[in-house]
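What follows is the residue order along each chain.
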Amino acid sequence: MTVTRGLEGIVATTSSISSIIDDTLTYVGYNIDDLAENASFEEVIYLLWHRKLPNAEQLAELKKQLAENASLPKEVIEHFKMYPIKEVHPMAALRSAVSLLGLYDKEADAMDPEANYRKAIRLQAKMPSIVAAFARVRKGLEPVEPRQDLSFAANFLYMLSGKEPDQIAVEAIDKALVLHADHELNASTFTARVCVATLSDVYSGITAAIGALKGPLHGGANEAVMKMLTEIGTLENVEPYIYGKLQKKEKIMGFGHRVYRQGDPRAKHLKEMSKKLTELTGEPHWYDMSVKIESIVTGEKKLPPNVDFYSASVYHSLGIDHDLMTPIFAVSRVSGWLAHILEQYDNNRLIRPRAEYTGPVKQKYIPIEQRV
Ligand SMILES: CC(=O)SCCNC(=O)CCNC(=O)[C@H](O)C(C)(C)COP(=O)(O)OP(=O)(O)OC[C@H]1O[C@@H](n2cnc3c(N)ncnc32)[C@H](O)[C@@H]1OP(=O)(O)O
Ligand SMILES: O=C([O-])CC(=O)C(=O)O
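What you see is a predicted model; the values in this text were computed from it and never measured.

### Some thoughts on the overall build of the chain
Here's step 1: In terms of helices and strands, the chain carries 16 helices and three strands.
Here's step 2: In terms of C-alpha radius of gyration, the chain reaches 22 Å, essentially the compact-globule figure of 21 Å for 372 residues.
Here's step 3: Oriented by its inertia axes, the alpha-carbon framework of the chain measures out at about 70 × 55 × 45 Å.
Here's step 4: When the 372 residues of the chain are sorted by exposure, 52% land in the buried category.
Here's step 5: Within the chain, contacts between residues separated by at least 24 positions form 74% of all contacts whose residues are at least 6 apart in sequence.
Here's step 6: Accessible surface, the chain: about 18400 Å² in total, of which carbon and sulfur atoms supply 53%.
Here's step 7: Averaging the positions of the 44 positive and the 48 negative side-chain charges in the chain gives two centres separated by 7 Å.

### Let's talk about the site of ligand 1
Here's step 1: In the neighbourhood of ligand 1, 18 residues make up the surrounding shell, with His218, Lys251, Ile252, Gly254 and Arg258 lying closest.
Here's step 2: Within the backbone of phenylalanine 255, an N or O atom sits 2.8 Å from a nitrogen atom of ligand 1.
Here's step 3: Contact distances for ligand 1 include 2.8 Å between an oxygen atom and a side-chain N or O atom of arginine 258.
Here's step 4: Against a free-state accessible area of 910 Å², the protein chains account for coverage of 66% of ligand 1.
Here's step 5: Of all the cavities here, the one that holds ligand 1 is the largest pocket.

### So, the sheet that holds strand 3 (residues 30–31)
Here's step 1: What the three strands build is an open sheet, ordered 1-2-3; its pairing is antiparallel. The sheet is open, and its two borders are formed by strand 1 (18–21) and strand 3, each paired with just one other strand.
Here's step 2: The pairing of strand 2 (residues 24–27) with strand 3 spans two bridges and is antiparallel. Directly across from threonine 26, in strand 3, lies its bridge partner asparagine 31.

### Notes on the packing of aromatic side chains
Here's step 1: Counting across every chain of the model gives seven aromatic pairs.
Here's step 2: Look at phenylalanine 80 and phenylalanine 134: their rings are 5.3 Å apart centre to centre, the planes differ by 75°, and that puts the pair in the edge-to-face class. In this pair, phenylalanine 80 is assigned in helix 4 (residues 74–82) and phenylalanine 134 in helix 6 (residues 113–137), connecting sequence segments 54 residues apart. The pair formed by phenylalanine 80 and phenylalanine 134 is uniform in burial state, with each residue classed as buried.
Here's step 3: Ring pairs connect the aromatic residues Phe255, Tyr287, Phe309 and Tyr310, which therefore count as one cluster.

### Describing the UniProt feature "active site" (unreviewed entry) in the chain
Here's step 1: The positions that UniProt labels "active site" (unreviewed entry) are, in the present scheme, His257 and Asp308. The greatest C-alpha distance among the residues just named is 10.6 Å, despite their covering 52 residues of sequence, which places them together in space. Checked against the lining of the largest pocket, the annotated residues just named reduce to His257 and Asp308.
Here's step 2: Note on placement: histidine 257 falls in the loop between helix 12 (238–247) and helix 13 (267–280).
Here's step 3: Beyond its immediate sequence surroundings of up to four residues, histidine 257 is in contact with His183, Asp264, Arg266 and Asn306.
Here's step 4: Polar side-chain contacts of histidine 257 include one of 3.3 Å to the backbone nitrogen of tyrosine 260.
Here's step 5: Relative to the helices and strands, aspartate 308 is located in helix 15 (residues 307–317).

### Considering the domain arrangement of the chain
Here's step 1: What the domain assignment reports for the chain is domain 1 (18–215 + 323–346) and domain 2 (221–317).
Here's step 2: For domain 1 and domain 2, the distance between their C-alpha centroids amounts to 26 Å.
Here's step 3: Across the contact, 23 residues belong to domain 1 and 24 residues belong to domain 2.
Here's step 4: Interface of domain 1 and domain 2: buried area, both sides summed, is about 2000 Å²; carbon and sulfur atoms make up 63% of it.
Here's step 5: The interface formed by domain 1 and domain 2 holds one salt bridge in total.
Here's step 6: Close ionic contact of lysine 268 with aspartate 33 constitutes a salt bridge, the shortest N to O distance being 3.0 Å.
Here's step 7: Viewed at the interface, domain 2 and domain 1 are joined by 10 residue pairs in polar contact (both at pLDDT 80 or more).
Here's step 8: For the side of domain 1 that touches domain 2, the element with the most residues is helix 8 (residues 167–180), which contributes seven residues.
Here's step 9: Residues of the side of domain 1 that touches domain 2, tallied by class, amount to 12 nonpolar, five polar and six charged.

The rules behind each value
- Residues numbered from 1 in each chain as written.
- Chains lettered and ligands numbered in written order.
- Predicted model: local features only at pLDDT ≥ 70, side-chain atom pairs only at ≥ 80, totals over all residues.
- Heavy atoms only, no water.
- Helix = DSSP H or I, 4+ residues; strand = E, 2+ residues; numbered from the N terminus.
- Rg over C-alpha atoms; globule rule 2.2 N^0.38 Å.
- Buried < 20%, exposed > 50% of the residue type's maximum accessible area, 1.4 Å probe, protein only.
- Contact = heavy atoms within 4.5 Å.
- Areas by Shrake-Rupley, 256 points an atom, 1.4 Å probe, with all protein chains shown as cover.
- Lys, Arg positive; Asp, Glu negative; His and termini not counted.
- Charge placed at Lys NZ, Arg CZ, Asp CG, Glu CD.
- Near = heavy atom within 4 Å.
- Polar contact = N/O pair within 3.5 Å; in protein donor to acceptor, adjacent residues only side chain to side chain.
- 1 Å grid on protein atoms, 1.4 Å probe; cavity = no way out; pocket = protein on both sides within 12 Å on 5 of 7 lines; lining within 4 Å.
- Sits in = over half its atoms within 2 Å of the grid points.
- Pairing = 2+ DSSP bridges.
- Phe/Tyr/Trp six-rings, centres within 6.5 Å; stacked < 30°, edge-to-face > 60°.
- UniProt positions renumbered as here; feature names shortened; annotations may be inferred.
- Domains from an automatic or database assignment.
- Buried area = accessible area lost by both parts, 1.4 Å probe.
- Salt bridge = Lys/Arg side-chain N within 4 Å of Asp/Glu carboxyl O.
- Nonpolar A, V, L, I, M, F, W, Y, C, P; charged D, E, K, R; others polar.

What follows is the structure in structure tokens.
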């Protein structure tokens, strides 16, 4: 048996959703740079689910469906109130809430494509409502009901703060959602596909994917980057801190990637946004510190920043609680997970690799009274 640790370079499926070829990322053949500059997140959802950009009527219909499905069952809010809420990470709350949503969906176990598409709409619509409601309930505030007249990005910010957000914030969140929507067979997407390839249901697939995204080697890295920036604190402290970590062979969060070699094409968009937003908030040091970290890590380790590095200072500048950064990633990535789940159902085969056994062999059973 040949073992490929971490399945590096293994091609485990075909997919027509997104591709990474020679460090270029495309969604259904559209370059991410083009989409980041021009597309709204709702257009991207449609693109990932239908493999074509929507016309005006199709887009309006999708927006309507998302708006109409954004409210949460009251049981989900009541459930939050039963948690030891101050100690619960929002990713754990999101994972539990999505699982709970499945209990209140009469179609949860229906497997026909139409029912699965309806569940995709419901899940996509409710993810931002869950994140926003949890963020408010843990502060002792009542959740804010979604509005039907706002875009997906604006509605999310509105549900978080209870105030209509300004245009700059809406544009920034919308672009961040576009940039995070899908990424080929990353760990959380693979997790979702493995789960539903047993013909388990959509809620199980998304719950599993949220669990995989939560880890700091994957989506959890954005929060870890902000923790690092906060610990560093000043521009002068960047050098001793980063060189110290490198000497101890510790990883610098937000750098490196399993697939990209020259760099993550999403990072430059987030870098530009970080510069603009940190200047606007009068806190340019977050951007300046990030740039200095980038120059040291690329110089010393030849590791470019990934999508999580500059997204940290972007979300911070928008006033977002640091532990909500990964949940926002999930609000976007659920669009990709759902596209992959539907694609998996469409042409399913159980995913079941092998392991090379390295444990003891030919052992003889010893009765318990004779064991030491
Ligand atoms: C949305 C996303 O998921 S993007 C990724 C988000 N994750 C992070 O930012 C966490 C930090 N980065 C990492 O841990 C890794 O680069 C990963 C997880 C992204 C990719 O991991 P892998 O492809 O398995 O690479 P692996 O962890 O084996 O690293 C290869 C080498 O580069 C080094 N390296 C990789 N990333 C980093 C880093 N961020 N800082 C310092 N060194 C690093 C490793 O120490 C290792 O060195 P060695 O060969 O001397 O032991
Ligand atoms: O593809 C990966 O391994 C991780 C990543 O960048 C993503 O999921 O966006």
